[in-house]
Amino acid sequence: MNVFAKTSLAMVGAMALLSLAPLAASAQEMAYPEKCKAEGMDTTKMGASMGGHMKMGDMPTGEMTDYQKAAMDGMKSMHMNMMQGMMKKDADVSFVCGMIAHHIGAISMSEAELKYGENKEAKAMARKVIEAQKKEIAQMTKWVNKEAK
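Draft legend 1. The arrangement of the environment of I104 in detail. The residue I104 is located in helix α3 (residues 91-116) in this model. When the C-alpha atoms of I104 and S77 are compared, they prove to be 8.5 Å apart, with 27 residues separating the residues in sequence.

Draft legend 2. Broad picture of the confidence of the model for the protein chain. Of all residues in the protein chain, 64% attain a pLDDT of 70 or more, and the chain-wide mean is 75. Of all helices and strands in the protein chain, the one with the weakest mean pLDDT is helix α1 (residues 3-15) (41), whereas helix α4 (residues 120-147) scores best (97). Per-residue pLDDT stays below 50 along residues 3-26; that stretch engages in 51 contacts with residues further than four places along the chain or on separate chains.

Draft legend 3. Local environment of the pattern of salt bridges. Evaluation of the coordinates by the stated rule reveals 4 salt bridges. For E34, the salt bridge is made with K37, and the minimal N-O distance between the two is 2.9 Å. Owing to a relative accessible area of 58%, E34 belongs among the exposed residues under this scheme. E131 is the salt-bridge partner of K135, the closest N and O atoms lying 3.5 Å from each other. You can see K135 and its partner E131 sitting in helix α4, 4 residues apart, about one turn around the helix.

Draft legend 4. Representation of the packing of α3 against α4. Taken N-terminus to C-terminus, the directions of α3 and α4 make an angle of 155°; their axes are 8 Å apart at the nearest point. In terms of axis orientation, α3 runs roughly antiparallel to α4. In this structure, α3 meets α4 at a crossing whose hand is left-handed. Counted by class, the contact of α3 with α4 contains 17 nonpolar, 4 polar and 7 charged residues.

Draft legend 5. The arrangement of the nonpolar core in detail. Grouped together as the largest cluster of nonpolar side chains are 14 residues, with contacts concentrated most on Y32, C36, C97, I100 and V144. Secondary structure elements with two or more residues in this core: α3 and α4. Here the element with the most residues in this core is α3; it accounts for 7 residues.

Draft legend 6. Up close: the packing of helix α2 (residues 66-86) against α3. At their nearest, the axes of α2 and α3 sit 8 Å apart, and the two run at 175° to each other. Viewed along their axes, α2 and α3 adopt a mutual orientation that is roughly antiparallel. Residues D66, Y67, A70, A71, G74, M75, M78, N81, M82, G85 and M86 of α2 lie in contact with α3, whose contacting residues are S94, F95, C97, G98, A101, H102, G105, S108, M109, A112, E113 and Y116. Residues that form the contact of α2 with α3 fall into these classes: 13 nonpolar, 8 polar and 2 charged.

Rules behind the numbers
Residues numbered from 1 in each chain as written. Predicted model: local features only at pLDDT ≥ 70, side-chain atom pairs only at ≥ 80, totals over all residues. Heavy atoms only, no water. Helix = DSSP H or I, 4+ residues; strand = E, 2+ residues; numbered from the N terminus. pLDDT = per-residue confidence, 0-100. Contact = heavy atoms within 4.5 Å. Salt bridge = Lys/Arg side-chain N within 4 Å of Asp/Glu carboxyl O. Buried < 20%, exposed > 50% of the residue type's maximum accessible area, 1.4 Å probe, protein only. Axes fitted to C-alpha atoms, helices over the stretch in contact; angles between N-to-C directions. Parallel < 35°, antiparallel > 145°, perpendicular 65-115°, else oblique. Left-handed = near helix turned anticlockwise from the far one by under 90°. Nonpolar A, V, L, I, M, F, W, Y, C, P; charged D, E, K, R; others polar. Core = buried A, V, L, I, M, F, W, Y, C linked by side-chain atoms within 4.5 Å.

Encoded structure:
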């Protein structure tokens with residue numbers, strides 16, 4: 001099995017093992033808008049209510065590569081923020097907040113690729129993702145700040 005397939009399998013398997021954590025240091029300049037955060041939502045207890053899945057802290061991280069650990073940090077943050085965004089009662093605000101979180105996760109994963117990846121083409125794709133997602137996050141954040149009550 002090639003490295004890409006192994007990494008893909010690890011990422012897919014890890015999605016079910018997400019715990020909740022604050023926004024990872026990577027992609028930190030893309031802060032999740034305050035208006036997207038759910039009021040009164042206790043995110044510290046959400047990990048236990050995720051369908052009985054293990055939390056990240058229960059995962060054997062010693063077996064993960066540095067790349068996998070970095071990518072997982074971004075996915076944890078994305079998942080928590082998407083869940084908060086989905087708690088908004090306004091469907092439009094909920095959608096945009098969820099997409100902002102999703103894009104922040106894409107930036108974090110792309111930054112991990114730039115740090116740990118070796119393939120020139122994959123790194124070029126990661127740079128394009130970062131550039132495009134940052135523009136879209138800025139646009140969506142502006143919309144949320146204007147439209148969200």
